[in-house]
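Summary of the model geometry
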Amino acid sequence: MSAEEERDGVRLTNLDQPLFPGADATKRDLVDYLDAVADRVIPQLAGRPLSVKRVLRGQKPFMQKNVPKYAPPWVETVTVWAETSRREVSYAVCGDRRTLLWFANQRAVEYHPPLVRAGAWETPTHLVMDIDPPESGGFDVVVRAAHLVRRALDDCGLSGAVKTSGAKGVHVFVPLEPRPAADVAAATRALAARAERLDPALATTAFIREDRAGKVFLDSTRAAGATVVAAYSPRIRPGTPVSFPVPWDGLDGVAPSDFTVRNAAALVADRDPWAELMPEPQRLPDDLVAEGHTIPIARVQAMHEGKRRARARRDASS
């Protein structure tokens, strides 16, 4: 088998190379997998400025936002002003198979679209809860916390779909009717707080790691322009797992390592479970939004608390 070939006008090279240490996969495995699931992945990426995580031979993985200058002219781009770095960033928009294959040939393993579409920067399409285990916890406690989030959603008349993150946690997605980003962010904070109150011994919304006391973290900061790894995206993890949708009633019986670039394509050969499991867009309840606006923004609160603790340490040492 040749280490080079061409698909859809994209020259694919070095296909026999290992993808990364511990991947148990080659670059060909990545290309073949993404090509097989292109019809499942592309709808999640189309129209959205895309960040990808690449891993080049002999280098550490890195996140790429700016499209490289050598990108083919047919790769669609959108320019976004990045407030934190005070510069314009030219993102790729992956809306077709050819662009996805080009990214695969660039050894782009992970695909991280934002929750907004280009041109609709202030209208997130989904509310997302990112649920991560404590350092000492396994996937079972993540699943228990995910069910808390589902209960909190049920209590306010909402429903969502869940997928493994491909790493150690899960993502809960709630499709939304149009609502300003600030309201969606507020609703996410309130939802996390309500889930935490259901079992405060299990779950926490504490943004500062040292304050989590071994509990599952309900991360409510994935809002507006924040990115979340796409369903079916591979991850740069041992065995090259993929983020994979799971029915709520099947979540207790899976592990993130169950779904990899070697077997996931066969599981979606004739169906798209992420599309099947996703509810219709829903209206956020006004009381959920109002509650969220009373909860401080986690990153801002953590920044101020970090400064306060640093001052306290300096005062104590002097």
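In this numbering scheme, every chain counts its residues from 1 along its sequence in written order. For a predicted model such as this one, the threshold for reporting local features is a pLDDT of at least 70, and the threshold for listing and counting side-chain atom pairs is 80 or more; totals across whole chains, interfaces and linings nevertheless cover every residue. Side-chain metrics in this entry use all non-hydrogen atoms of the structure; hydrogen atoms and water are not considered.

1. Topic: the pairing of strand E9 (residues 161-164)
In regular strands, side chains alternate between the two faces of the sheet. Categorising residues by exposure relies on relative accessible area from a 1.4 Å probe, with only protein chains included: less than 20% of the type maximum marks a residue as buried, more than 50% marks it as exposed, and the intermediate range marks it as partly exposed. Numbering goes from the N terminus for both helices and strands, where a helix is a DSSP run of H or I of at least four residues and a strand is a run of E of at least two. Burial along E9 is two-sided: the residues Ala 161 and Lys 163 and Val 162 and Thr 164 are all buried. Two strands form a pair only when DSSP identifies at least two bridges running between them. Inspection of the sheet shows E9 paired to strand E10 (residues 170-175) by four bridges, in the antiparallel sense. By the bridge assignment for E10, Lys 163 is matched with His 171. Where E9 meets strand E13 (residues 245-246), two bridges bridge the pair, whose relative direction is antiparallel. Counted as the bridge partner of Lys 163 is Pro 245 from E13.

2. Side note on the UniProt feature "domain: DNA ligase D polymerase" (unreviewed entry) in the protein
Per the UniProt record, the feature "domain: DNA ligase D polymerase" (unreviewed entry) sits at residues 26-274. In this annotation, residues 26-274 is assigned 27% helix and 20% strand; the end-to-end C-alpha distance for the span is 26 Å. UniProt positions are given in the numbering used here, feature names are shortened, and annotations may be inferred rather than shown by experiment.

3. Here's the deal with the nonpolar core
The nonpolar core is taken to be a set of buried Ala, Val, Leu, Ile, Met, Phe, Trp, Tyr and Cys residues, with the residues joined through side-chain atoms within 4.5 Å. Membership of the largest hydrophobic core comes to 86 residues, with the highest contact counts inside it found for Tyr 111, Ile 131, Val 149, Leu 218, Leu 251 and Leu 284. A total of ten residues in this core trace back to one element, the largest contributor, which is helix H4 (residues 139-155). Two domains share this core, each providing at least three of its residues, namely domain 1 (1-113) and domain 2 (121-317). Contact partners of Leu 284, with chain neighbours within four places excluded, come to Leu 127, Leu 158, Leu 176, Arg 179, Asp 183, Val 184, Ala 187 and Val 289. Judged by nonpolar contacts, the second largest core, of six residues, contains Val 80, Val 89, Tyr 91 and Val 93. Domain start and stop points were drawn from an automatic or database domain assignment. Contact definition: two residues touch when any of their heavy atoms are within 4.5 Å.

4. Concerning the pairing of E10
Of all six residues that make up E10, six are buried, and the element is covered over most of its length. Taking every second residue as pointing to the same face, both faces of E10 are buried, with Val 170, Val 172 and Val 174 on one and His 171, Phe 173 and Pro 175 on the other. As paired strands, strand E8 (residues 126-132) and E10 are joined by six bridges and run antiparallel to one another. For Leu 127, the partnering residue across the bridge sits in E10 and is Val 174. Linking E9 back to E10 in an antiparallel pair, the connection comprises five residues, with Gly 166 at a positive phi of about 90 degrees.

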